[in-house]
Amino acid sequence: MRSTLDRAQDLRRRLIVTAPPTLVVATVSMFHSLHFPGWQWVVAILSLPVVTWGAWPFHRSAIQGLRHGTTTMDTLVSLGVTASTVWSLWALLWGGESAMLYFEGACVIVLFLLIGRYAEARTRHRAGDALRSLLSMGTTTAHRILPDGTREDVDSTDLQVGDIFEVRPGESIATDGRIISGESAIDTSMLTGESVPRDVAPGDDVAGATINTWGALEVEARRVGSDTALAKIGRMVSEAQATKAPIQRLADTISSVFVPVVLAISAATLIGWLIFSGDVQAAATAAVAVLVVACPCALGLATPTALLVGSGRASQLGIVIRSAEILEETRKIDTIVLDKTGTVTTGNLAVEHVESSDPDVTLALAAGIESRSEHPMARSIVRAAQFRSLTPVVTRRFVNHSGMGVSALIDGGLALVGRPEWFTELGISIPEDIVRTARSRCATPIVVASVPGWDESPSTIHADESDAESPVRVDMAVGGMTCASCVNRVERKLGKLDGVEAHVNLATESASILLTRDHGDDELVHVVEAAGYQARVRSRASETAVPSAPSIGRQLDAPLTGAQVHGVIVLRDQVKDSSAEAIGLFRNLDIEPILLTGDNQGAADVVADQVGISHVIADVLPDDKRDVVKGLQDEGRVVAMVGDGVNDAAALAQAGHRGLGMAMGSGTDVAIQVADITLVSSDLRAAATAIDLSRRTLRVIRQNLVWAFGYNVAAIPLAVAGLLNPMIAAGAMALSSVCVVTNSLRLRRIRALGSRQPDADTGHPA
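**A word on unusual backbone geometry**
- Backbone geometry at Arg397 places phi at a positive 55°, although glycine is not the residue there.
- By the secondary structure assignment, Arg397 is in strand 13 (residues 396–401).
- Within the chain, Asp619 stands out as a residue other than glycine whose phi angle is a positive 55°.

And the structure:
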């Protein structure tokens, strides 16, 4: 069985070879001024390779269909090309100088259909690029750490379970693993859809292909090769694409009835003329005339011209339609599933507002400190200050308090920016009502404060000594946690013990505790149980301390007296300006919008309220998004899915099984290649326009097919009666083709749905 690439290359070769003689045949045949002595023989010679070798894919398909007792568009094409050629050869040899030739019609049909089939084969091959792109998203090189502490660069596929490798700031993580050293924030949006980078520390699990934002990490490989989360998503995409049901083309549906009828009429005409006239030549002429008049000239143009005009207009509106097969599904779409992050929202954290008596002063102070940090939230604060044309406060001696916040010296004191819990631990009173309100709306509050007259004495500066005792790693099971505040409470309670650093994972209900001072299992369990949770120590192991240069820190003891809170900066993933209008457009198209996200229910509800969506499905892992779409399809719905990330790829492919997958142009290559439609502008209103345009294109194709077959049905009786003048037939066929093309050109007048939506090519409102 040939691959899609081989088939595309074969069609391309036939297209290149047949195009020049077809153009010559069509030009010479159509313009009488170009006729020269013997031109008919030249046209016949040039046509024969086109209608035989060039049209062989259609002849082969027709023959295979006949073997199985079926007829398709290829049967009609093969029949029309063969009948036109046989008629023309007979007319050339025995019909005399006045006989009409149809070589140009046969050649043009072949050329048009080769163009369409080549485009289709190329699209099918490129669909396979999705999996290749998906599996290549991970980093190709890993920095493996050898037992003697040296590093070697190896191919990421050579990593084995148990290998230790280094991940530097800005790099992708080579494979799934667990952090054994270092702290950072991991951008997991391509897998989970979560817009806020996840803070990680020793003991936390990380997935391959996610991005390490700022800290250096040492990771132990836990899953490699086909066992990784990325590979699993790849398998899901492959399975969803493999189960995509083929949509029978409209022309095939009609031709399955039309072709046998035409053959029967032609046979009946031959028999009837033989019986009633006894003239073999007249009988053969009438019978062949039936086949000639049924030649699908207009039919060959019906679908390609509408697709050409419709797809051209779509590209002007920022919409790329992958293939003709998806058009039929658009008229049946009744549900559209929208990924939240990057589709309904921008996918980037931004400063929503600053709660302060003087917001500009507060933001400038925070930007001055955060300008030295690589954390994504720090960059958002700095961008907000730049947008407001604020001058960041000059700072010095920047210190990162891992997982809590940052501090730096300013003129006249010390400034601090960080999580509310950090300030509470330091005994600094914060505006709890503002923090609660922000978190209830699933925004991220960042507190900004300063300590006037701060004395940076030697007692406040410390260095982590390299000759400290070997630390001990304790793995503890923690039960009863329900939310992020529970995690913070457990970490805070354990952190109050001297020499204890705890990182709690809500998903795995576990805590990784690093001890630099001696604390027994019972003591640790008692602290957690006193906080209201169940605890059990599962393991305890010594860790080898890795010598390193001392790092400078700042000792901040509670209570930190004299601190002044300047305000609270609230960050949130912002809803796109066009999203609310897009939801209204979907409802106007009788399509129910559903919000699907990996974020928590609270964050999803806030976004849904802003844009007017009533049906929300939240806390959905990447593995489950495809199942959600399939579940809706099992309910009898025809689902369109709009997404932009790798985490959406399997769901987009599944939507294509009975509906549509639509990818934002700002998304990953994998999502774009899996999707049926790509929205170049990343404007959600373009999704509504894409459905509306596809439906209109399908309507025009149907009109073209009705006209094309209607012409044949009207002309066949004349051919049966022997009254069909070849010149009139040729004119009628030309008029039929002109009508089809003119009807298709109406698609150029379609405008984008919604207000202020620009054309992709002009940038001006459509």
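**Structural notes on the pairing of strand 2 (residues 151–155)**
- Sheet analysis places strand 1 (residues 141–145) next to strand 2, joined by 5 bridges and oriented antiparallel. Residue pairing across strands places His143 opposite Asp153, the latter belonging to strand 2.

**Description of the sheet that holds strand 1**
- Judged by pairing direction, the sheet is antiparallel, and its 6 strands sit side by side in the order 2-1-3-9-4-7 without closing on themselves. One side of each edge strand has no neighbouring strand; the edge strands of this open sheet are strand 2 and strand 7 (205–206).
- Of the strand pairs in this sheet, strand 4 (residues 176–181) and strand 7 are connected by 2 bridges, and their pairing is antiparallel. From the neighbouring strand, Arg178 faces strand 7, where its bridge partner is Asp205.

**Observations concerning the side chain of Ser184**
- Position of Ser184 relative to the elements: it lies in strand 5 (residues 184–187).
- Reaching out from Ser184, the side chain makes a polar contact with the side chain of Asn212 at a distance of 2.5 Å.
- At a separation of 3.0 Å, a polar atom in the side chain of Ser184 contacts the main-chain amide nitrogen of Gly215.

**Digging into helix 15 (residues 376–387)**
- Taking 1.5 Å per residue as the helical rise, helix 15 with its 12 residues ought to reach 16 Å, and the 17 Å between its terminal C-alpha atoms agrees with that figure.
- Residues of helix 15 that are buried sit in contact with strand 5, strand 12 (345–356), helix 14 (359–370), strand 16 (444–452) and strand 23 (564–575).
- Just beyond helix 15, the residue with positive phi is Ser389, at close to 60°.

**Points about empty space enclosed by the protein**
- Within the structure shown, the criterion is met by 2 cavities of 30 Å³ or more.
- Within this model, the second largest cavity holds a volume of roughly 30 Å³.
- Only strand 1 and strand 3 (164–167) provide two or more residues apiece to the lining of the second largest cavity.
- Classifying every residue of the lining of the second largest cavity gives 4 nonpolar, 4 polar and 2 charged.

**Observations concerning the environment of Thr697**
- Relative to the helices and strands, Thr697 is located in helix 25 (residues 685–720).
- Owing to a relative accessible area of 2%, Thr697 belongs among the buried residues under this scheme.
- Along the chain, Thr697 and Thr303 lie 394 residues apart, while their C-alpha atoms are 9.3 Å from each other.

**Digging into the pattern of salt bridges**
- Here the structure, examined in full by the defined rule, presents 23 salt bridges.
- For Asp205, the salt bridge is made with Arg178, and the minimal N-O distance between the two is 2.8 Å. With a gap of 27 residues between them, Asp205 in strand 7 and Arg178 in strand 4 connect regions that are remote in the sequence.
- Between Arg419 and Glu421 there is a salt bridge; the shortest N-O distance is 3.7 Å.

**A word on the sheet that holds strand 24 (residues 592–596)**
- Pairing in this open sheet of 7 strands is mixed, and the strands run 10-28-27-26-11-24-25 from one edge to the other. Either end of the sheet is taken by a strand with one partner, and the two such strands are strand 10 (319–321) and strand 25 (615–617). Direction aside, neighbouring strands of the sheet carry axes that sit 20° apart on average.
- Alignment of strand 11 (residues 335–339) against strand 24, held across 5 bridges, turns out to be parallel.

Parameters and conventions
- Residues numbered from 1 in each chain as written.
- Predicted model: local features only at pLDDT ≥ 70, side-chain atom pairs only at ≥ 80, totals over all residues.
- Heavy atoms only, no water.
- Helix = DSSP H or I, 4+ residues; strand = E, 2+ residues; numbered from the N terminus.
- Pairing = 2+ DSSP bridges.
- Polar contact = N/O pair within 3.5 Å; in protein donor to acceptor, adjacent residues only side chain to side chain.
- Expected span 1.5 Å × (residues − 1).
- Contact = heavy atoms within 4.5 Å.
- 1 Å grid on protein atoms, 1.4 Å probe; cavity = no way out; pocket = protein on both sides within 12 Å on 5 of 7 lines; lining within 4 Å.
- Points joined across faces, edges and corners; volume = space filled by probe spheres on them.
- Nonpolar A, V, L, I, M, F, W, Y, C, P; charged D, E, K, R; others polar.
- Buried < 20%, exposed > 50% of the residue type's maximum accessible area, 1.4 Å probe, protein only.
- Salt bridge = Lys/Arg side-chain N within 4 Å of Asp/Glu carboxyl O.
- Axes fitted to C-alpha atoms, helices over the stretch in contact; angles between N-to-C directions.

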